[in-house]
Amino acid sequence: MSGMDTETGGAWLSREEIRDARERLPILYVDLVPVRVDERSAVTEIGLLLRGNSEGRIRRELVSGRVLYHERIRDAILRHIEKDLGPMALPQVPIAPQPFQVAEYFPTPGVTPFHDPRQHAVSMAHIVVVMGDCAPSADSLDLAWLSPQEALELARTEEMAGGHGVLLRQALAHLGFAV
C-alpha cells in the first residue's frame with residue numbers, strides 16, 4: 001500500500017473505536033476557560049458550565065473536548081466554545097494560541113491532579129475571551145458567569161472535580177490573580 005492510499009478522512013470515531021483507542025492511546029483534548037473582559041482587557045468574569053457526570057453528580061466544569069484527527073487547535077477551540085456556549089459566543093482566539101498549561105489526565109487517581117476514569121488524556125488549556133451572548137448548550141445544564149474571586153472560591157471546592165478546579169486556579173494565577 002503506497003502513502004497515497006492512506007485514509008485521511010473520518011474524523012469521528014464510533015463509540016467502540018473511541019473506547020478501544022482510549023484503552024491504548026493518550027487522547028488530545030483542549031480545556032478552555034471562557035472569560036469576559038472590560039475595555040482595558042482586564043478579566044471581569046469567568047464562565048463555568050454546570051453538568052451532570054456519569055455517576056449522577058452535578059459539577060461545575062470548564063469547556064473541554066477532544067481535538068479531532070486533522071483538526072487545528074484553534075478550530076477545536078472554536079468548535080468547543082460554540083458547542084458549549086452557543087453560536088453567538090463570539091470567541092476571540094489569539095493569533096498564536098499558546099496554552100497556559102498542559103494537563104495530563106490519568107485513569108488512575110493521584111498520578112497528577114487531573115483525573116479522567118475513562119482514559120489517559122493530554123489537554124492543552126487555554127483562556128478564551130468571549131464577546132457575544134452565551135447560553136449553555138449540548139450537555140450543559142447551566143452557564144454561570146462568576147467574578148474572578150467567586151471562581152477562585154469555587155475552584156477550591158469538590159464541585160470542581162477531576163482537576164478542573166486546579167486548572168481554574170492555574171488560569172487565575174496566569175492572569176495575575178493571587179491564588
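Remember, predicted model here, so these are calculated numbers, not experimental data.

J.: Where do I start with unusual backbone geometry in this structure?
T.: Glycine aside, the phi torsion of most residues is negative, and most peptide linkages are trans. Backbone geometry places Ser 41, a non-glycine residue, at a positive phi of 65°. On the secondary structure map, Ser 41 appears in the loop between β1 (27–37) and β2 (43–52). Owing to a relative accessible area of 57%, Ser 41 belongs among the exposed residues under this scheme. One non-glycine residue with positive phi stands out, namely Leu 90, at about 50°. With respect to the helices and strands, the residue Leu 90 is situated in the loop between α2 (73–85) and β5 (91–92).

J.: Just checking my understanding: could you explain the packing of aromatic side chains for this structure?
T.: Each pair of aromatic rings is reported with the distance of its centres and the angle of its planes. Across all of its chains, the model carries 1 aromatic pair by this definition. An angle of 55° between the planes, with centres 5.4 Å apart, marks the rings of Tyr 105 and Phe 114 as tilted. We note that Tyr 105, like Phe 114, is buried. A cation over an aromatic ring shows up here: Arg 36 above the ring of Trp 145, its NZ or CZ 4.4 Å from the ring centre.

J.: Help me understand the pairing of strand β3 (residues 58–61), please; the structure alone is not making it clear to me.
T.: When a strand is regular, its side chains alternate between the sheet's two faces. As judged from the 4 bridges shared by β2 and β3, these two strands associate in the antiparallel manner. Across the sheet, Gly 52 pairs through a bridge with Ile 58, a residue of β3. In this structure, the hairpin formed by β2 and β3 is closed by a connection of 5 residues, where Gly 56 is found at a positive phi of approximately 85°.

J.: I tried to follow the environment of Asp 38 on my own but got confused; where do I start?
T.: Mapped onto the elements, Asp 38 comes out in the loop between β1 and β2. Sequence separation between Asp 38 and Leu 13 is 25 residues, and the spatial gap between their C-alpha atoms is 40 Å. Side-chain polar atoms of Asp 38 contact the backbone nitrogen of Arg 40, separated by 2.9 Å.

J.: Help me understand the pattern of salt bridges, please; the structure alone is not making it clear to me.
T.: Scanning the entire structure with this criterion turns up 12 salt bridges. The closest approach of N and O atoms between Arg 60 and Asp 142, which form a salt bridge, is 3.6 Å. Taken together, the positions of Arg 60 in strand β3 and Asp 142 in strand β8 (residues 142–146) put the pair 82 residues apart, joining distant regions of the chain. Between Lys 83 and Asp 84 there is a salt bridge, with the nearest N and O atoms lying 3.0 Å from each other. Look at Lys 83 and you get partly exposed, because its relative accessible area is 34%. A residue is classified by how much of its surface remains accessible, and Asp 84, at 0% relative accessible area, is buried. A cluster of three or more residues bridged by salt bridges with shared partners is formed by Arg 51, Glu 61, Lys 83, Asp 84 and Asp 139.

J.: Even after reading the chapter, I still don't get helix α3 (residues 148–155), so can you show me in this structure?
T.: Since there are 3.6 residues in each turn of an α-helix, residues three or four apart along the chain are aligned in direction. Listing the buried residues of α3 in full gives Pro 148, Ala 151, Leu 152, Leu 154 and Ala 155. Each buried residue of α3 lies within a common arc of 165° when the element is viewed along its axis, so the set occupies one face. In the core, the buried residues of α3 are packed alongside β2, β3, β8 and α4 (164–174).

J.: Mind showing me how you'd approach the side chain of Arg 36 here?
T.: Tracing the chain through its elements places Arg 36 in strand β1. Here Arg 36 is in contact with Ala 42, Val 43, Thr 44, Glu 45, Val 130, Met 131, Gly 132, Cys 134 and Trp 145, once residues within four sequence places are set aside.

Calculation criteria
Residues numbered from 1 in each chain as written. Predicted model: local features only at pLDDT ≥ 70, side-chain atom pairs only at ≥ 80, totals over all residues. Heavy atoms only, no water. Helix = DSSP H or I, 4+ residues; strand = E, 2+ residues; numbered from the N terminus. Buried < 20%, exposed > 50% of the residue type's maximum accessible area, 1.4 Å probe, protein only. Phe/Tyr/Trp six-rings, centres within 6.5 Å; stacked < 30°, edge-to-face > 60°. Lys NZ or Arg CZ within 6 Å of the ring centre and 35° of its normal. Pairing = 2+ DSSP bridges. Polar contact = N/O pair within 3.5 Å; in protein donor to acceptor, adjacent residues only side chain to side chain. Salt bridge = Lys/Arg side-chain N within 4 Å of Asp/Glu carboxyl O. Arc of directions from axis to C-beta. Contact = heavy atoms within 4.5 Å.

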